[in-house]
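Residue-level listing of the chains:
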Amino acid sequence: MRTPIIAGNWKLNKTIDEALAFVRDLKPALSKAANVEIILAPPFTALSVLAEALTDSPVLLAGQNCYPEQGAFTGEISPRLLRDAGCDAVILGHSERRQLFGETGEFINRKIRAALKEELQVIFCVGETLRERQSNQTFKVLEEQLCEGLTDLDGTGMARLVVAYEPVWAIGTGQTASSEQAQEAHQFIRNLLASLFDRVVADNTRILYGGSVTPNNIAGLMAQPDIDGALVGGASLQAESFLQIAEFGKG
Ligand code: PEP
């Protein structure tokens, strides 16, 4: 019922030539990853060339961030310009943006609403730190981040929004959440969406897991009823491992 998504977040990696080489390696093997939506989030500089290189493929492109306004905001990028560069989606609320750049829930909510207005699909990231998990605050933190980020959204906006549960302690650490830990958080998020919106919205919203996903652990994660795909950092940088993840580890 919910088409799985495998999304690669390249962060601040890959020149234009490296990005094109990745796509050259990926494209011939794409038919192996059927019934999965594949999204790549390269650095801004590679977006428009990748959009051209991917015109005849089902792979979608995402920005890694955006600013909620247009105009005199030196160094920022707007949803409209992401669209213009060939993006279908944007990642918002990533823990690196929250932690390193001080993004608040209110600011992330403004970005989400601006991106939805431009009809971009939003991959909205939430997740607890290790300290928060160890002090039994995981659900409280998830609830706060979701309530703030989804303020003033309705069912139409939610139809374009994907949640990514990314425990901060699992990002880039090699320490994946167990399938059971991830499922518990995903089920909590889905139930919260039912109470914030309704059961239909909750059942239709895709919830991705992110945090040290590899070809070796994807199958266990995808076997969970509330895990609808993955947001992948490190393992998305090589076409081979990314493709194996898109095949749920079968490759
Ligand atoms: C991420 O940064 O979104 C991420 C999940 O990274 P990694 O897969 O490297 O943990």
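Above this text is the structure in question.
Residues numbered from 1 in each chain as written. Predicted model: local features only at pLDDT ≥ 70, side-chain atom pairs only at ≥ 80, totals over all residues. Heavy atoms only, no water.

Some points on the layout of surface pockets
Phase 1: Reported here for the largest pocket is a volume of approximately 420 Å³.
Phase 2: Taken together, 19 residues form the lining of the largest pocket, with Arg113, Ala114, Leu116, Lys117 and Glu118 sitting closest to its centre.
Phase 3: Sorting the residues of the lining of the largest pocket by element identifies helix 3 (79-84), helix 5 (105-117) and helix 8 (155-158) as the ones contributing at least two each.
Phase 4: The dominant element in the lining of the largest pocket, judged by the number of residues it contributes, is helix 5, at five residues.
Phase 5: Residue classes in the lining of the largest pocket are distributed as five nonpolar, four polar and 10 charged.
Phase 6: Roughly 360 Å³ of volume is contained in the second largest pocket.
Phase 7: Lining the second largest pocket we find 13 residues, and of these Lys11, Leu12, Gln64, Arg97 and Phe101 sit closest to its centre.
Phase 8: Of the residues forming the lining of the second largest pocket, the biggest block, three residues, is contributed by helix 4 (residues 95-100). (1 Å grid on protein atoms, 1.4 Å probe; cavity = no way out; pocket = protein on both sides within 12 Å on 5 of 7 lines; lining within 4 Å. Points joined across faces, edges and corners; volume = space filled by probe spheres on them. Helix = DSSP H or I, 4+ residues; strand = E, 2+ residues; numbered from the N terminus. Nonpolar A, V, L, I, M, F, W, Y, C, P; charged D, E, K, R; others polar.)

Side note on the packing of aromatic side chains
Phase 1: Taken as a whole and assessed by the stated rule, the structure comprises six aromatic pairs.
Phase 2: A ring pair is formed by phenylalanine 22 and phenylalanine 242, whose centres lie 6.1 Å apart and whose planes are at 50°; its orientation type is tilted. Linking phenylalanine 22 in helix 1 (residues 16-26) with phenylalanine 242 in helix 12 (residues 239-246), this pair joins segments that are 220 residues apart in sequence.
Phase 3: With a centroid separation of 4.8 Å and an interplanar angle of 40°, the aromatic rings of tyrosine 67 and phenylalanine 73 are classed as tilted. (Phe/Tyr/Trp six-rings, centres within 6.5 Å; stacked < 30°, edge-to-face > 60°.)

So, the sheet that holds strand 2 (residues 37-41)
Phase 1: Taken in spatial order, the eight strands of this closed barrel run 1-2-3-4-5-6-7-8, and their pairing is parallel. Neighbour-to-neighbour, the strand axes of this sheet turn through a mean angle of 25°, independent of strand direction.
Phase 2: Of the strand pairs in this sheet, strand 2 and strand 3 (residues 60-63) are connected by two bridges, and their pairing is parallel. Counted as the bridge partner of leucine 40 is leucine 61 from strand 3.
Phase 3: The strands touched by helix 7 (residues 138-149) are strand 5 (121-126) and strand 6 (161-165); relative to strand 5, the strand with the most contacts, the crossing angle is about 150°. (Pairing = 2+ DSSP bridges. Axes fitted to C-alpha atoms, helices over the stretch in contact; angles between N-to-C directions. Contact = heavy atoms within 4.5 Å.)

By themselves these figures say nothing about function.
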